[in-house]
Amino acid sequence: MEEKNQPMRREYAKLELRRKDLLANPVEQFHRWFQEAIKEEKTEPNAMTLSTANLAGRPSSRIVLLKYFDRQGFVFFTNLESRKARELQENPLGAINFFWNTLERQVNIEGSVVLLPSAESRDYFSNRPRASQIGAWASRQDVELKSREQLEQTYAQLLKQYEGQQIPLPPFWGGFRLIPSRFEFWQGRTNRLHDRFEYTFQLQQNQWEIRRLSP
């Protein structure tokens with residue numbers, strides 16, 4: 001397959017990002033952009049690429065959904081036996097990236113990752129749709145399946161098992177919080193002269209430092 005000569009470039013020309021537009025706190029800046037993404041993006045503006053690495057430094061990435069965030073960090077939930085969970089327990093550092101195509105924007109956030117207290121995971125799990133609760137029990141993420149039918153049979157059995165009952169939090173399911181130490185806000189611009197701003201937290205000054213980066 002030859003793809004080298006296929007035109008795959010597009011010009012970014014909708015918006016700009018200036019230093020004076022930025023809020024002092026990157027979480028507040030993210031909140032501003034996230035609210036704009038909710039209005040403009042057609043599907044799942046909370047979808048983000050989560051990158052992790054094991055102790056050997058071998059990286060892996062996948063799309064997960066941001067469930068909520070505040071100044072304490074950015075929260076997502078997963079099977080605790082999955083590859084991403086195992087890697088985060090080995091090497092508790094991660095990065096998340098949001099790309100909002102309509103707005104021609106990216107946000108990259110890096111930091112340490114901690115497991116949520118079980119009570120917080122239980123609170124979130126109890127408010128999930130019942131079908132999703134059953135799905136969490138049915139799927140042993142990353143374990144080999146002999147067939148699609150095996151998964152569907154397990155799901156059906158669990159539906160019957162928990163009929164008329166409250167579905168408990170699986171012991172192998174929970175949440176993680178990424179505690180940010182670095183943000184990068186990227187706004188696409190013409191001629192590949194994009195706007196990029198980096199926030200890094202300075203412990204001595206107890207504040208965020210903002211720098212413009214070359215594209």
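Residues numbered from 1 in each chain as written. Predicted model: local features only at pLDDT ≥ 70, side-chain atom pairs only at ≥ 80, totals over all residues. Heavy atoms only, no water.

Looking at an unreviewed UniProt entry, one finds the protein named Pyridoxamine 5'-phosphate oxidase, with Parachlamydia acanthamoebae as its source organism. Check the Pathway (unreviewed entry) section of the UniProt entry for the protein; it says "Cofactor metabolism." UniProt's Sequence similarities (unreviewed entry) comment on the protein is quoted here verbatim: "Belongs to the pyridoxamine 5'-phosphate oxidase family." (UniProt positions renumbered as here; feature names shortened; annotations may be inferred.)

Here we take up the UniProt feature "domain: Pyridoxamine 5'-phosphate oxidase N-terminal" (unreviewed entry) in the protein. According to UniProt, the positions carrying the feature "domain: Pyridoxamine 5'-phosphate oxidase N-terminal" (unreviewed entry) are residues 35-158. In this annotation, residues 35-158 is assigned 35% helix and 35% strand; the end-to-end C-alpha distance for the span is 37 Å. (Helix = DSSP H or I, 4+ residues; strand = E, 2+ residues; numbered from the N terminus.)

Within helix 3 (residues 118-126) the residues assigned to the buried category are Ser 121, Tyr 124 and Phe 125. All buried residues of helix 3 lie within an arc of 100° about the axis, which places them on one face of the element. Check the buried side of helix 3 and you find it contacts strand 3 (68-70), strand 4 (73-79), helix 4 (130-138) and strand 7 (173-187). (Buried < 20%, exposed > 50% of the residue type's maximum accessible area, 1.4 Å probe, protein only. Arc of directions from axis to C-beta. Contact = heavy atoms within 4.5 Å.)

In this section: the pairing of strand 7. Among the 15 residues in strand 7, 13 count as buried, and that is most of the element. In this structure, strand 4 lies alongside strand 7, joined through 6 bridges in antiparallel fashion. Looking at strand 7, one finds that Phe 74 is bridged to Leu 178. The pairing of strand 6 (residues 105-115) with strand 7 spans 11 bridges and is classified as antiparallel. Looking at the pairing, Ile 109 lines up with Phe 183 of strand 7. (Pairing = 2+ DSSP bridges.)

Moving on, we come to the packing of aromatic side chains. Considering all chains together, one arrives at 25 aromatic pairs under this definition. On the numbers, 5.6 Å between centres and 15° between planes, the contact of Phe 30 with Phe 34 is stacked. Here the residue Phe 30 and the residue Phe 34 both occupy positions in helix 1 (residues 26-40), the gap between them amounting to 4 residues, near one helical turn. Among the residues examined, Phe 30 registers a relative accessible area of 0% and is labelled buried. On the numbers, 4.1 Å between centres and 10° between planes, the contact of Phe 77 with Tyr 124 is stacked. Here the residue Phe 77 occupies a position in strand 4, and Tyr 124 occupies one in helix 3, the gap between them amounting to 47 residues. Accessibility classification places Phe 77 together with Tyr 124 in one group, the buried group. Here the aromatic cluster, defined as three or more aromatic residues joined through ring pairs, consists of Phe 30, Trp 33, Phe 34, Phe 69, Phe 74, Phe 98, Trp 100, Phe 183, Phe 185, Tyr 199, Phe 201 and Trp 208. (Phe/Tyr/Trp six-rings, centres within 6.5 Å; stacked < 30°, edge-to-face > 60°.)

This part covers the UniProt feature "binding site: substrate" (unreviewed entry) in the protein. In this structure's numbering, the residues bearing the UniProt feature "binding site: substrate" (unreviewed entry) are Arg 9, Arg 10, Glu 11, Tyr 12, Lys 67, Tyr 124, Arg 128, Ser 132, Arg 192, Leu 193 and His 194. Sequence-distant contacts of Glu 11, defined by excluding residues within four places in its chain, comprise Glu 104, Arg 189, Thr 190, Asn 191 and Arg 192. Polar side-chain contacts of Glu 11 include one of 2.5 Å to the backbone nitrogen of Asn 191. Structurally, the position occupied by Arg 192 is in the loop between strand 7 and strand 8 (195-202). (Polar contact = N/O pair within 3.5 Å; in protein donor to acceptor, adjacent residues only side chain to side chain.)

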